[in-house]
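# Chains, contacts and geometry: an overview
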Amino acid sequence: MNPTTSRLSRLEAIDGLAYGGDYNPDQWPEDVWAEDARLMREAGVNLVSLPVFSWPRLEPEPGRFDFSWLDRVLDVLWSQDIRVDLATGTATPPAWLIRAHPEILPVTADGVRLEFGSRQAYCPSSPVFREHALRLTEAMARRYGHHDAVVLWHVSNEYGDHVSRCYCAVSAGHFRRWLQHRYENLATLNDAWGTTCWGQHYTDWEQIEPPRRATGPINPTQRLDFERFSSDAMLELFRAEVELLRERTPQLPVTTNFMSLFRELNYWDFAAVEDIVTDDAYPDPADPVAHTDAALNYGLMRALKNGQPWLLLEQAPSAVSWRDVNVPKPPGRMRLGSLHAIAHGSDAAMFFQWRAARFGPEKFHSAMLGHRGVASRSYQECRDFGAELRRLAELKGSRVESRVGVVVDWDAWWGLDAPDSLPSARLDWLHLVRTWHRALYTLGFTVDPVRATGPFDGYDVVVAPNLYLIDDAVTAALAGYADQGGRLVVGPFSGVSDREDKIHPGGAPGPLRSLLGVSVDEWWPLPDGHEGRVKLGATTLGFTTWAEWIDAESADVIATYDDGPLAGRPAITTRRAGAGTATYVSAGLDEAALRQVLGPICRDAGLTPHDTPSLDVEQVTRYRDGDRWTFILNHGTVPARTDVPNGTDLLTGDTVSGPVTVAPAGALVVRHTRS
Ligand code: GAL
């Protein structure tokens, strides 16, 4: 057994799918703990996360640790057979550390040093912070690394949630070292950053600073490198804790909780360091399409480790407390949201948090046990769902089926997020990816995010909504995919720049030119409020934001611009590429338009898109060996009639087949009858 597999086997100690939440016992008098553990047990809780923000309680003075209270908490939990996702406690440095070393406090791009008084008040590059964090981690590992209740290390908490970029002098030094490692000498850096433009030439490393607020648009490559550096700086911190834990407790798996599709950190890199992916998901109950974006986020979580099951570590039982308007989840929606994550490969449904706080910034955040205690709706729904979840235990370890991939690339994301030096600030990477994903989702597909370099095998269709930055490795991977029979679809403003954000010689789509068979002459972004039309056969498609003047060189034109200055010019092209096809979409098509383009491509690839798109009813299948389970989820507000596979609904025990009616917020989990 390889070390990761053996560490992951520790999670088998959790009976069935993991259920529970963040637990903050240090916010409560000790006599509450026994009641907590008893009620947790009653609610079906088998895993809790703690002590996430308890550093000052664990180390009240430098180097003096007090674990007595945590010992007692773990004993109380263990007495009720509840397992622990043990936080290293390093997410927020204590006041004594900040006052002794105020330089730990992070600094914004405007030069403002952020004060103590909230959480995560540290500069990721600070060696002082790191030294103290590692000392606590080490002490935690010694004390609890072999405690029977502990099944998982939870390193820090949501890296980058409040502070993901620091512009202080220490960060500047770290940035310079990172640049020296990347470029080796100043001549290479000057060349990469194009410093001949606007007199930016550097003659000494010490002249280089983070992209703090400047007089005008900042060098885009300097900014891009700072994005990469900042993600790497946080990763370095994460890795330091992970390495220490691996040394001290090689038998325990390690994770850090992610924040879904989060711009600031390249999660492909983070996932490679940990044993299991965990995520915190907060779809807004007020947003009627939040579940489609959640499907994309959950897809990413399973994709980050090649389909390995992940854990939903946090969600809200009802309302959160950090939006302007915090709308609660109506009855049944917590259950549906939990099943949604499980459908997409999570082996857990966990919450923030167990007991509702009485004080602090999150006192209005919902909890499993609300302020009314067992009388609260959240408790009753959580308790009922805890019992129901036991019926899904057999799903643990199964994987999700997907034949469609969407390329998620942080470099492209960061490159496209330079609002003051692009043809349009309106071409939003995340919006593009979500729109393309939603088109596929509503056609009935479960979509896996994939790395720009692949692997793509197993996918009949791969879409890349935007690859603004592209290099030869990505080009070769995409070309190889099409060559082997894949259907590749590339979105607007792709293949524009190289990894140094220099426009490819000859213009876009750069190295993709022969694969796509097109050449871009000029960008034609649309002013705000304007819409354009594209003619695809007899159909007219709408678009906003973006259009391009392109020439089809070796590609067939399948759609042309229908109005405006580009009328009659190619808008969408396709060409045979090896055994597959490569399609280019040059306009900022809306979701309905994308369905018209992507539906036939999927059908051509042997997939079966819905004839009638559905935003509300989703089917996702998990499998293990010869077993398959299909989740049928109605996210909508009206009953939905839909076909289900022949089998047994695990939630009710009923035998099902053919069309069934699923109530609003209703769900089935059908174990397929083996044929
Ligand atoms: C997460 C965080 C938790 C809690 C929660 C509230 O971002 O990890 O500690 O603050 O949000 O929604």
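Here the structure is a predicted model, which means the values were calculated and not measured.

### Some details on the environment of serine 402
Relative to the elements of secondary structure, serine 402 occurs in the loop between strand E10 (399–400) and strand E11 (404–407). According to the relative accessible area criterion, serine 402 is buried, its value standing at 13%. The sequence separation of serine 402 and leucine 224 amounts to 178 residues, and the corresponding C-alpha distance is 32 Å. Among the polar contacts made by the side chain of serine 402, one reaches the main-chain carbonyl oxygen of threonine 446 at a distance of 2.8 Å. At a separation of 3.4 Å, a polar atom in the side chain of serine 402 contacts the main-chain amide nitrogen of aspartate 448.

### Considerations on the pattern of salt bridges
Summed over the entire model, instances satisfying the criterion amount to 54 salt bridges. Arginine 135 is the salt-bridge partner of glutamate 59, the closest N and O atoms lying 3.0 Å from each other. Of this pair, glutamate 59 sits in the loop between helix H3 (55–58) and helix H4 (68–79) while arginine 135 sits in helix H6 (residues 127–144), and the two are 76 residues apart along the sequence. Judged by its relative accessible area of 0%, glutamate 59 is buried. For arginine 135, a relative accessible area of 32% corresponds to the partly exposed category.

### What to know about the sheet that holds strand E2 (residues 47–50)
Reading across the sheet, the 9 strands line up as E5-E4-E3-E2-E1-E9-E8-E7-E6 and stay open at both edges, with parallel pairing between neighbours. Taken across any chain shown, the strands that pair with only one partner, and hence form the sheet edges, are strand E5 (254–255) and strand E6 (257–258). Where strand E8 (residues 310–314) lies against strand E9 (residues 346–351), 2 bridges are found, and the strand directions are parallel. Pairing of leucine 312 across the sheet is with alanine 349, part of E9. The strands that H4 touches are E2, strand E3 (83–87) and strand E4 (150–154); relative to E2, the one it contacts most, it runs at about 170°.

### Thoughts on the nonpolar core
In terms of nonpolar packing, the biggest core is built from 175 residues, with Leu77, Tyr267, Trp354 and Leu589 touching the most fellow members. The element best represented in this core is H6, accounting for 8 residues. Once residues within four sequence positions are removed from consideration, leucine 77 is found in contact with Tyr23, Met40, Val48, Leu50, Ile82 and Val84. With 15 residues, the next largest nonpolar core counts Tyr167, Trp178, Trp193 and Ile208 among its residues.

What counts, and where the lines are drawn
- Residues numbered from 1 in each chain as written.
- Predicted model: local features only at pLDDT ≥ 70, side-chain atom pairs only at ≥ 80, totals over all residues.
- Heavy atoms only, no water.
- Helix = DSSP H or I, 4+ residues; strand = E, 2+ residues; numbered from the N terminus.
- Buried < 20%, exposed > 50% of the residue type's maximum accessible area, 1.4 Å probe, protein only.
- Polar contact = N/O pair within 3.5 Å; in protein donor to acceptor, adjacent residues only side chain to side chain.
- Salt bridge = Lys/Arg side-chain N within 4 Å of Asp/Glu carboxyl O.
- Pairing = 2+ DSSP bridges.
- Contact = heavy atoms within 4.5 Å.
- Axes fitted to C-alpha atoms, helices over the stretch in contact; angles between N-to-C directions.
- Core = buried A, V, L, I, M, F, W, Y, C linked by side-chain atoms within 4.5 Å.

Read these as spatial facts, not as claims about activity.
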